Amino acid sequence: MPTITKNEIAELFEAIALLLELKGENVFKIRAYTNAARALETFTGDLAKAVAENQLGEIPGIGKAIAEKITELLATGELAYYNKLKVDFPPGLFEMFDIQGLGPKKIKAVWEKLGVTSVPELEAACKDGRVAELPGFGKKTADNILAAIEARSKYAGRFRIGDIAPDAEALLEELRTHPDVLQASIAGSYRRRKEIVGDLDFIVATNAPEEVSNFFIKHEQVESIIVNGATKSSVRLKSGIQADLRVVKTSEFPFALNYFTGSKEHNIVLRSRALARGWTLNEYRLEQLSKLEGRKSKGGAPQTIPDVYEERDLYRALELDYIEPELREDRGEIAAAEKHELPQLLQVENLRGTFHNHTTASDGKCTLAEMADAAQELGLQYLGIADHSKASFQAHGLEADRLLAQVAEIRELNKTFGGHFRIFAGVECDVLKDGSLDFPDEVLAQLDYVVASVHASFTMPEAEMTSRIIRAISNPYVTMLGHLTGRILLSRESYQVNVPAIIDAAAATGTIIELNASPWRLDMDWRWWPLAKEKGVRCAINPDAHHSSQLNNLWFGVGIARKGWLTRNDVVNCLPLGQIEAELARKRTALRPS
Ligand code: DGT
Ligand code: CA
Ligand code: CA
Ligand code: ZN
């Protein structure tokens, strides 16, 4: 049976709306599709069931004609109407939809007036001034389009871990359960939990390499085959990412897994440790250097090679404690492993609760009760709500009265949990341009905690942005600083800010720094956490969930925290209910003017 997801249907409807707009269709017809897409995004029921029971029409925003299209899509995986509609447009036009700031009206204009039908043609037309001359465009618009095209090619071939994790995990699971597979793992940057991944690397131990390779290259996620070799296959998945598969013998598995996990820099250090012991290390084995090469090794006769059945044995052979994949970036992990000084890294199971989540009160898609249910489902003891403040009007930020009404609602809801679970009332308070906060202290004082975030006025010199943020976190009510750099991965660079200076200020004021676990942000970056830890700054891992399902973002946050060498003692949301309250109150009690 063809499988098409609710979100894929929603995306298809968005695409139809764009095409209809290009055709100049009437606005009601277009809106039927955008409304349907919205309705699907927020619909939490079972779509197939709704079709079977003929109840699609009951979903608000879905009329009869749309209901029929959903039925067709679920049954066949395709939509004849869309296939027919597409034919009228040059294929290159669809790529233009991905360019930021280029809506249907502008695409229509460059297509009809300049005959531009692809991104390269558009780039040329921006450069030679034709786009700037179009009515309603101008030089600034042309420059913006050009910048967006450049950003797009800069990020090509790179993927946010959150976008590819579902595919990667599903494929791994299928490999693991394949009857010919003895062992399987993902290696590479994905295993090291990098925030951006170039390609996926699967390693499999098998006695039937051909069967496994065939299974891999014929998988339904595969769009095209790049290489189909005896020990290595490469494919392009439908999601756009390349996936490599290496098939090895069981005895080679720990070496292949270790080598292809990387990082390259980490591998180089391991290899030189092997050399120093009179051995050579490669992706298949550890062996004695030949007599000729052996000359180079110091310290007389080469040592006997211990048996290696798993990665741990390899590290032991090299006289190192086991190094978790997240730490393998050649940032001091080898020296620490040698001295038995590696930290006991945080694990997902250590988390007891979390902060910074949104509800329907601002721009979230789920209610307070739905968010609380989902958090309990995950086994958390508490959930922090932090909806936007009024300055974030585009995110329906709350005015003080609505915020305080939400606080009252939270206090009521908490009574129903019988002490086993608690919602903490907070806010994601905008840091205004001058570093003041969007709410006065009297309002903030009524909350359990405050996340302060920069959401506007990104373009200011580094010194100014830095003092803006320092002023904000100097407020006793600011419990934690949200997404420190404001970056959106593969889309928007960080604003100019002096991170070490902010870390110092956080340490001085007792402000927690957030590790925003949304896979779009993963901010503060893992490379800064060792410094923050050294300065005594504590971390809060926050999913920034705008839907109950996004509480799962915590998984990505934990990966980044581990890359940042953090332990459960460094992360405040490991504290259980009963202890976390004091942590949230600590700064305001210490700094509050008496
Ligand atoms: P990516 O895919 O760009 O996000 O990053 P990786 O780390 O997954 O890199 P990839 O897929 O090119 O290769 C996987 C691992 O294989 C890499 O982390 C280390 C190892 N490797 C690849 N090429 C070399 C090399 O030339 N020398 C060494 N020592 N290791 C290599
Ligand atoms: Ca890779
Ligand atoms: Ca690779
Ligand atoms: Zn935010």
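Worth saying up front: this structure is predicted, and the values here are computed from it rather than measured.

Enquirer: Even after reading the chapter, I still don't get the environment of isoleucine 30, so can you show me in this structure?
Expert: Structurally, the position occupied by isoleucine 30 is in helix H2 (residues 27-42). Here isoleucine 30 falls in the buried class, since its relative accessible area comes to 11%. For isoleucine 30 and isoleucine 16, which are 14 residues apart along the polypeptide, the C-alpha to C-alpha distance reads 8.0 Å.

Enquirer: What am I meant to see in the coordination of the calcium ion (ligand 2) here?
Expert: Any two of four tetrahedral donors ideally make an angle of 109.5 degrees at the metal, while pairs among six octahedral donors ideally make 90 or 180 degrees. Every protein donor of the calcium ion (ligand 2) is listed here as Asp199 (O), Asp199 (OD) and Asp201 (OD), and their distances to the metal cover 2.2 to 2.7 Å. Distance-wise, the calcium ion (ligand 3) is placed 3.7 Å from the calcium ion (ligand 2), both being coordinated by aspartate 199. Accessibility expressed as a relative area gives 22% for aspartate 199, which makes it partly exposed.

Enquirer: Got a minute to help me understand the coordination of the calcium ion (ligand 3) in this structure?
Expert: Within the protein, Asp199 (OD), Asp199 (OD), Asp201 (OD) and Asp244 (OD) serve as the donor atoms for the calcium ion (ligand 3), at 2.2 to 2.7 Å. Counting the intervening residues between successive donors of the calcium ion (ligand 3) yields the motif D-x1-D-x42-D.

Enquirer: I'm lost on the sheet that holds strand S16 (residues 539-542) in this one. Help?
Expert: Judged by pairing direction, the sheet is parallel, and its seven strands sit side by side in the order S10-S11-S12-S13-S14-S15-S16 without closing on themselves. With partners counted over all chains shown, the strands left at the sheet margins are strand S10 (353-354) and S16, one partner each. The pairing of strand S14 (residues 480-481) with strand S15 (residues 512-516) spans two bridges and is classified as parallel. Its bridge partner being in S15, leucine 481 is matched across the sheet by isoleucine 513. Contacting strand S11 (382-388) and strand S12 (422-430), helix H20 (residues 400-415) runs over the sheet at an angle of about 165° to S12.

Enquirer: Teacher, can you tell me more about the packing of helix H1 (residues 6-23) against helix H5 (residues 80-87) here?
Expert: When two helices pack together, you describe them by how their axes are tilted relative to each other and by the distance separating the axes. Where H1 contacts H5, the axes come no closer than 11 Å and their chain directions differ by 40°. Classified by the angle their axes make, H1 and H5 are oblique. In this structure, the crossing between H1 and H5 has a hand that is left-handed. On H5, the residues that touch Leu12, Ala15, Ile16, Leu19, Leu20 and Lys23 of H1 are Tyr81, Tyr82, Leu85 and Lys86. When the residues that make up the contact of H1 with H5 are grouped by side-chain class, the tally is eight nonpolar, no polar and two charged.

Enquirer: Honestly, the site of ligand 1 in this entry has me stumped. Any pointers?
Expert: Near ligand 1 you find 15 residues, and of these Ser189, Arg192, Gly198, Asp199 and Arg271 are the closest. At a separation of 2.5 Å, an oxygen atom of ligand 1 approaches a polar side-chain atom of serine 189. At the level of secondary structure, the elements contributing two or more residues to the shell around ligand 1 comprise helix H12 (188-191), strand S4 (199-206), helix H14 (253-261) and helix H15 (264-276). Considered class by class, the residues forming the shell around ligand 1 number three nonpolar, seven polar and five charged.

Enquirer: Is there a simple way to think about empty space enclosed by the protein in this case?
Expert: Unoccupied space between atoms shows up once a probe the size of one water molecule is rolled over them. Scanning all chains against the criterion turns up two cavities of 30 Å³ or more. Taken as a whole, the largest cavity spans an internal volume of roughly 60 Å³. What lines the largest cavity is simply Phe255, Asn258, Tyr259, Asn267, Leu270, Arg271, Leu281, Asn282 and Leu314. When its residues are assigned to classes, the lining of the largest cavity shows five nonpolar, three polar and one charged. By volume, the second largest cavity amounts to about 30 Å³. In this structure, the second largest cavity is lined by Ile161, Arg193, Leu522, Trp555, Phe556, Gly559 and Ile560. The element best represented in the lining of the second largest cavity is helix H25 (residues 554-563), accounting for four residues. Of the residues belonging to the lining of the second largest cavity, the class tally is five nonpolar, one polar and one charged.

Enquirer: Explanation requested: the domain arrangement of the protein in the structure shown.
Expert: Often the size quoted for an interface is simply the accessible area lost on bringing the parts together. Partitioning the protein into domains gives domain 1 (6-154), domain 2 (159-248), domain 3 (255-338) and domain 4 (349-591). Taking only C-alpha atoms into account, the centre of domain 3 sits 41 Å from that of domain 4. Contact residues are listed per partner, giving eight residues for domain 3 and six residues for domain 4. Surface buried jointly by domain 3 and domain 4 totals about 670 Å² across both partners, of which 56% is contributed by carbon and sulfur atoms. Of all residues in domain 3, Glu326, Leu327 and Arg331 bury the most surface against domain 4, accounting for 72% of the area lost on that side. With its nearest N and O atoms 2.7 Å apart, the salt bridge here joins glutamate 329 to lysine 563. Where domain 3 meets domain 4, there are four residue pairs in polar contact (both at pLDDT 80 or more). A breakdown of the residues in the side of domain 3 that touches domain 4 according to their chemical character gives two nonpolar, one polar and five charged.

Enquirer: Would you take a moment to explain the pattern of salt bridges for this structure?
Expert: Opposite charge on two side chains allows them to pair when their charged atoms are near. Tallying each qualifying case throughout the model produces 37 salt bridges. For glutamate 311, the salt bridge identified is with arginine 191, shortest N-O distance 2.8 Å. Taken together, the residues span a long stretch of sequence, with glutamate 311 in helix H17 (residues 311-317) and arginine 191 in helix H12 at a distance of 120 residues. Each member of the salt-bridge network shares a partner with another, and the members are Glu195, Arg487, Asp525 and Arg527.

Enquirer: Before we go on, may I ask you to explain unusual backbone geometry in this structure?
Expert: In most cases, non-glycine residues show a negative phi, while peptide bonds are predominantly trans. In this structure, serine 263 follows glycine 262 across a cis peptide bond, with omega equal to -5°. Residue position: serine 263 is located in the loop between H14 and H15. Although it is not a glycine, aspartate 330 adopts a positive phi angle of roughly 55°. On the secondary structure map, aspartate 330 appears in the loop between H17 and helix H18 (333-338).

Enquirer: Help me understand the packing of H1 against H2, please; the structure alone is not making it clear to me.
Expert: In the contact formed by H1 and H2, the axes pass within 8 Å of each other and the chain directions differ by 160°. Judged by the angle between their axes, H1 and H2 are roughly antiparallel. Considering the relative orientation of H1 and H2, their crossing is left-handed. On H2, the residues touching Lys6, Ile9, Ala10, Phe13, Glu14, Ile16, Ala17, Leu20 and Glu21 of H1 are Lys29, Ile30, Tyr33, Thr34, Ala36, Ala37, Arg38, Leu40 and Glu41.

Enquirer: What is the right way to look at helix H13 (residues 209-217) in this model?
Expert: Residues spaced three or four apart along an α-helix point in a common direction, a consequence of the helix completing one turn every 3.6 residues. Within the sequence span of H13, burial applies to Val212, Ser213, Phe216 and Ile217. Relative to the axis of H13, the buried residues are bounded by an arc of 125° and lie together on one face. The elements touched by buried residues of H13 are helix H11 (161-177), strand S2 (181-186), S4, strand S5 (222-228), strand S6 (232-237) and strand S7 (242-248).

Enquirer: Please clarify how the packing of aromatic side chains should be interpreted in this entry.
Expert: The description of two aromatic rings rests on the distance between their centres and on the angle between their planes. For the coordinates displayed, the defined rule picks out 14 aromatic pairs. Judged by centre distance (4.9 Å) and plane angle (85°), the rings of tyrosine 259 and phenylalanine 260 are edge-to-face. Look at tyrosine 315 and tyrosine 322: their rings are 5.8 Å apart centre to centre, the planes differ by 90°, and that puts the pair in the edge-to-face class. Judged by relative accessible area, which is 0%, tyrosine 315 ranks as buried. Here a set of aromatic residues connected by ring pairs shows up, and it is made of Phe355, Tyr382, Phe424 and Tyr449. Its guanidinium or amino end placed over the ring of phenylalanine 137, lysine 106 lies 5.8 Å from that ring's centre, counting from NZ or CZ. Sitting over the face of the ring of tryptophan 520, arginine 160 holds its NZ or CZ atom 3.6 Å from the ring centroid.

About the thresholds
- Residues numbered from 1 in each chain as written.
- Chains lettered and ligands numbered in written order.
- Predicted model: local features only at pLDDT ≥ 70, side-chain atom pairs only at ≥ 80, totals over all residues.
- Heavy atoms only, no water.
- Helix = DSSP H or I, 4+ residues; strand = E, 2+ residues; numbered from the N terminus.
- Buried < 20%, exposed > 50% of the residue type's maximum accessible area, 1.4 Å probe, protein only.
- Donors = N, O, S within 2.8 Å, 3.2 Å for Na, K, Ca; no water.
- Pairing = 2+ DSSP bridges.
- Contact = heavy atoms within 4.5 Å.
- Axes fitted to C-alpha atoms, helices over the stretch in contact; angles between N-to-C directions.
- Parallel < 35°, antiparallel > 145°, perpendicular 65-115°, else oblique.
- Left-handed = near helix turned anticlockwise from the far one by under 90°.
- Nonpolar A, V, L, I, M, F, W, Y, C, P; charged D, E, K, R; others polar.
- Near = heavy atom within 4 Å.
- Polar contact = N/O pair within 3.5 Å; in protein donor to acceptor, adjacent residues only side chain to side chain.
- 1 Å grid on protein atoms, 1.4 Å probe; cavity = no way out; pocket = protein on both sides within 12 Å on 5 of 7 lines; lining within 4 Å.
- Points joined across faces, edges and corners; volume = space filled by probe spheres on them.
- Domains from an automatic or database assignment.
- Buried area = accessible area lost by both parts, 1.4 Å probe.
- Salt bridge = Lys/Arg side-chain N within 4 Å of Asp/Glu carboxyl O.
- Arc of directions from axis to C-beta.
- Phe/Tyr/Trp six-rings, centres within 6.5 Å; stacked < 30°, edge-to-face > 60°.
- Lys NZ or Arg CZ within 6 Å of the ring centre and 35° of its normal.

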